[in-house]
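Next come the chains, spelled out residue by residue.
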Amino acid sequence: MIQKNIRNFSIIAHIDHGKSTLADRLLEATGALTDREKSAQYLDKMELEQERGITIKAQSVRLNYRAKDGQDYTLNLIDTPGHVDFSYEVSRSLSACEGAMLVVDAAQGVEAQTLANVYMAIDQDLEIFAVLNKIDLPSAEPERIRAEVEEIVGIDTSDAILASAKEGIGIEAILEAIVQRVPAPKGNPDAPLKALTFDSWYDSYQGVVVLVRVFDGTIKKGEKIKLMATGGVYEVQKVGAFNPHPIQLSQLSSGDVGFIIAGIKVVEDAKVGDTITHLHNPAAEALPGYQEVNPMVFSGLYPVDAADYDNLRDALEKLRLNDAAFSFEPENSLALGFGFRCGFLGLLHMEIIQERLEREFGVNLITTAPTVVYKVTTTKGELLEVESANMLPEIQFIEQIEEPFVLASIHVPNEFVGPVLKLCIERRGIQREIKYLTANRVMVVYEMPLNEIVLDFFDRLKSISRGYASLDYEHLDFRISKLVRLNVLINGDVVDALSLIVHQDKAQHRGRDLVSKMKEFIPRQQYEVAIQAAIGNKVIARSTVKALRKDVTAKCYGGDITRKRKLLEKQKAGKKRMKQIGSVELPQEAFLAILKVK
Ligand code: GDP
Ligand code: MG
């Protein structure tokens, strides 16, 4: 396709505002879907995505459209992941485009996440036009939302398109807007190759499939290519595009979006943001914006049943094949046995992986409380990256601890501002800004420790705002904080699975909370069980489970021997699920109850 008839665009929308439905309508209207496919939402590939209504992996499709001007156009729709954890991937997808369509629910208005992504698009000089979706809803107020979008986002909305993806209204107007408003790509097909990798995934038949946007040059089957950031060299086996089914093409040229298959074994070797060039006659420099993505949130994953350990490892390896942002290594806990310490981009990423392990691989998991990465300087001057409380050196060897801070933007209706501010303060937030977006909508911006966000902040936010608040955050920096390791001890032995890194001011409260929860779940034993919470040697909370000699067969009156045997067997089976902490046996249920179990 000649460049002047190519349009590369993205859809920016808050979750549930109708991005996927609208994208499917565009596929339908351009004849890309068969009747059978029309019944299912095509663009949300994974079952999990469909159920949770989120888009996890970017997926791009090529649409052929004959516009009202009589010319044929190739419209490349580049889908973006819809969650804060994936903002780097979103930024790379957007940089593959010349334009973006901002979809806003005409009954809901602009949300925090939408705004973050629109600003990203504005930063990259994309042409942006607005679509007000769901105008079929009785509660839709397109005129009010039109003004709101203009005021908040700062783009001209006088020609915003009114649409209903559900009823198929406004679809042609959208296709025409893409042709007329999104600029054609500008690149030189004869210059040295520069192609941006903006997504990749593992396919068991073909190896890694890499989605690219070609900026300069031309790429063909049989050519030797080089990935500029990782240094990997490969031979191109296939190039093509998704329509939405894969079609093979003879080449991809400047302006084109499509896939490359080149015998790449793992997605880690085809990193998002990397630039592909030719091995011979390479580009002088890579495209801007490449970043290494590092896990920011960690948690321990343990099989509920120790026999599942190998299954769990196999499942983690499979997921890793397809997800370069996810990491894991074996970890051993006294309380929980053998498991893995896993790293994630953020909380949603963590939940997605946990859910897939359960659902697709059938492993029951115990997960420890999520932690962030701390930078610890020891008294000897060493710098450590600590991702779990158990890795933290003893208090006397620590010079300082730094924790990651984020800039959190929360959008909330007026009436809930009070509780939201209170929550942010509770979570050690530092206020940056409170701004009235409209008469009834407020944007609250806080600098906050990520540590305070990973612990149920989002759930709390939703509950105090009756579901109306939306949250977006970006990483700021690392700051020195007064953090301590909080241990729970059972008869003097540390229960490693329950150790936490907390702010000094919160240690007391958390300690008491853990001790009282533990007490609830530890049954009386032959001897007294002391439960303590401590920082170093200093006990800050304690409780005791009184001794009790329990003869389970006493109530059988010595009569029915089979019943007695059954009871003994039952007791033995129960024992198997006990975990030994020092001299005390604890039921696994105690951990299941305190840690998150899926
Ligand atoms: P996404 O999260 O932005 O991809 O949103 P979806 O496309 O999955 O849509 C979210 C929900 O809104 C789904 O239940 C859709 O059926 C519904 N929806 C999407 N577009 C419309 C519309 O134009 N009108 C109405 N009434 N519902 C819509
Ligand atoms: Mg979707």
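Parameters at a glance
Residues numbered from 1 in each chain as written. Chains lettered and ligands numbered in written order. Predicted model: local features only at pLDDT ≥ 70, side-chain atom pairs only at ≥ 80, totals over all residues. Heavy atoms only, no water. Helix = DSSP H or I, 4+ residues; strand = E, 2+ residues; numbered from the N terminus. Buried < 20%, exposed > 50% of the residue type's maximum accessible area, 1.4 Å probe, protein only. Contact = heavy atoms within 4.5 Å. Areas by Shrake-Rupley, 256 points an atom, 1.4 Å probe, with all protein chains shown as cover. Pairing = 2+ DSSP bridges. Axes fitted to C-alpha atoms, helices over the stretch in contact; angles between N-to-C directions. Near = heavy atom within 4 Å. Polar contact = N/O pair within 3.5 Å; in protein donor to acceptor, adjacent residues only side chain to side chain. Nonpolar A, V, L, I, M, F, W, Y, C, P; charged D, E, K, R; others polar. UniProt positions renumbered as here; feature names shortened; annotations may be inferred.

**A closer look at the overall build of the chain**
Assigned secondary structure in the chain consists of 15 helices and 35 strands. The buried share among the 598 residues of the chain stands at 54%. In the chain, 69% of the contacts between residues at least 6 apart in sequence involve partners at least 24 apart. Accessible surface computed for the chain: about 26,700 Å², of which carbon and sulfur atoms make up 49%.

**Re the sheet that holds strand β11 (residues 233-235)**
Strand order in the open sheet made by the 8 strands is β11-β10-β16-β7-β8-β15-β12-β13, with antiparallel pairing throughout. A single partner strand is all that each edge strand has here, and the edge strands are β11 and β13 (246-249). Shown here is a sheet whose adjacent strand axes are inclined to one another by a mean of 40 degrees, direction ignored.

**A short note on the site of ligand 1**
Taken together, the neighbourhood of ligand 1 is formed by 17 residues, with D16, K19, S20, T21 and D136 sitting nearest. At 2.7 Å from a nitrogen atom of ligand 1 is found a side-chain nitrogen or oxygen belonging to D136. Expressed as a share of its isolated accessible area of 570 Å², the protein-covered part of ligand 1 is 78%. Counting residues per element, the shell around ligand 1 draws most heavily on helix α1 (residues 19-29), which supplies 3 residues. When its residues are assigned to classes, the shell around ligand 1 shows 3 nonpolar, 9 polar and 5 charged.

**Some details on the side chain of N487**
Structurally, N487 can be placed in strand β28 (residues 483-490). The residues touching N487, leaving out its near neighbours within four places in the chain, are V494, S499, Q532, A533 and A534.

**As for the environment of S87**
As for its position among the elements, S87 is in helix α4 (residues 87-95). Through-space distance from the C-alpha of S87 to that of V153 is 18 Å; in sequence the pair is 66 residues apart.

**Describing α4**
Most of α4 is tucked away: 8 of the 9 residues are buried. If you check which residues of α4 are buried, you get Y88, E89, V90, S91, R92, S93, L94 and S95. Residues of α4 that are buried sit in contact with β1 (6-13), β3 (72-78), α5 (112-123), β7 (194-203) and β8 (207-216).

**Some remarks on the UniProt feature "binding site: GTP" (unreviewed entry) in the chain**
Taking the numbering used here, the UniProt-annotated feature "binding site: GTP" (unreviewed entry) corresponds to D16, H17, G18, K19, S20, T21, N133, K134, I135 and D136. Here K134 is to be found in the loop between β5 (127-133) and α6 (142-153). For K134, a relative accessible area of 23% puts it in the partly exposed group. Discounting chain neighbours no more than four positions away, the residues touching K134 are D16, H17, G18, D105, A140, A163 and S164. By the element assignment, D136 lies in the loop between β5 and α6. Owing to a relative accessible area of 26%, D136 belongs among the partly exposed residues under this scheme. Residues within four places of D136 in sequence aside, it is in contact with S164, K166 and E167.

**Quick notes on the pairing of strand β18 (residues 327-333)**
As paired elements, β18 and strand β19 (residues 337-344) share 7 bridges and run antiparallel to each other. If you follow E331 over to β19, its bridge partner there is G339. If you look at the hairpin formed by β18 and β19, you'll find 3 residues sitting between the two strands.

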